[in-house]
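# A structural walkthrough
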Amino acid sequence: MNENENKKNGGEVEIDLLRILGIIWHNIIIIMVVTLTVALIAMVFAKFIVKPTYRSSAMMYVNNKNSGTSSDYISTTEISAAKSLVSTYAVILKSNSTLTKVIESSGLEGYTPSSLAKNVSASSVESTEIFRITVTANDPEEARILVENITEILPDAIAGVVDGARVTVVDPATNGVKSGPSTVKYVLIGALLGFFLMSGLLIVFDLADDKIHEEKYLAENYSYPVLAVIPNIYIKYEGGSHYEKQ
């Protein structure tokens, strides 16, 4: 279906996929230059502007054994209960009361319970009764100090809410390691953004161009024969080598 027929059928223009690919191919150098430029800007942004983040973590063991039992062994039921309580302990960990104590104990400024909660996570390790606590901060030492204080405060906080629950440290707080930003991720996002943005602009400009640039367009899109073509004429000025297209 040509463009003339499309206009007769409600004014909708069919977008030819081959035409779009042709637009991209004929402008591939411009697209690649823009793609590489935006990727370079994204890399500089990730390395020198975005604040780095650091992560520290510790592992704790959940013991849900009833203190009143006389058995020296932990039953399968108690282990299953301990696993299911990990999510409950995570909620207790991120509660305002617990995080307020952590902030006060760590002596760090600039934190509130709500802001710290966004940087704290707790999850079960391989579906066991052991769970990992992770804190992300802009300073490696701050991340370690926060995790360290959490491991000291959380056992009492949990014991005060869940009867018979005991939490012990398996692995203490690790030194803060860099966790972000990912330069590779920023570069990939920048490259994709530059490629699709430039390609989209070129495609839109080409599809919006309603000028007739060559006789081939008339022959392919309209049923009228091409009777004549006005050639390009160049005039050379006297005493110079400048050419002007007429």
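Details of the structure are given in the entry above.
Notes on the structure in this doc start here. (Residues numbered from 1 in each chain as written. Predicted model: local features only at pLDDT ≥ 70, side-chain atom pairs only at ≥ 80, totals over all residues. Heavy atoms only, no water.)

## With respect to the pairing of strand S1 (residues 53–63)
- In terms of burial, S1 is largely enclosed, as eight of its eleven residues are buried.
- Of the strand pairs in this sheet, S1 and strand S5 (residues 177–180) are connected by three bridges, and their pairing is antiparallel. Paired with threonine 53 across the bridge in S5 is glycine 180.
- With eight bridges joining them, S1 and strand S3 (residues 130–137) adopt antiparallel strand pairing. Following the sheet pairing, tyrosine 61 is matched in S3 by isoleucine 130.
- For S1 and strand S4 (residues 166–171), the ladder comprises five bridges, and the chain directions are antiparallel. (Buried < 20%, exposed > 50% of the residue type's maximum accessible area, 1.4 Å probe, protein only. Helix = DSSP H or I, 4+ residues; strand = E, 2+ residues; numbered from the N terminus. Pairing = 2+ DSSP bridges.)

## Overview of the packing of helix H6 (residues 96–106) against helix H8 (residues 140–159)
- Remark: H6 packs on H8, axes separated minimally by 9 Å, with the N-to-C direction vectors making an angle of 130°. Between H6 and H8, the angle is such that the two are oblique. The two elements H6 and H8 cross, and the hand of that crossing is right-handed. Two secondary-structure elements touch here, H6 through Thr98, Lys101, Val102, Ser105 and Ser106 and H8 through Ile145, Leu146, Asn149, Ile150, Ile153 and Ala157. (Axes fitted to C-alpha atoms, helices over the stretch in contact; angles between N-to-C directions. Parallel < 35°, antiparallel > 145°, perpendicular 65-115°, else oblique. Left-handed = near helix turned anticlockwise from the far one by under 90°. Contact = heavy atoms within 4.5 Å.)

## Digging into the pattern of salt bridges
- What the rule picks out here adds up to three salt bridges.
- A salt bridge links arginine 144 to glutamate 141; the shortest N-O distance between them is 2.4 Å. Placement of the pair is arginine 144 and glutamate 141 together in helix H8, with a separation of three residues, close to one helical turn.
- Among the residues examined, arginine 144 registers a relative accessible area of 17% and is labelled buried.
- One salt bridge in this structure joins arginine 144 and glutamate 148, with 3.1 Å as the shortest N-O distance. Taken as a pair, arginine 144 and glutamate 148 lie in helix H8 at a separation of four residues, close to a single helical turn.
- Taken together, the shared-partner salt bridges in this structure form one network comprising Glu141, Arg144 and Glu148. (Salt bridge = Lys/Arg side-chain N within 4 Å of Asp/Glu carboxyl O.)

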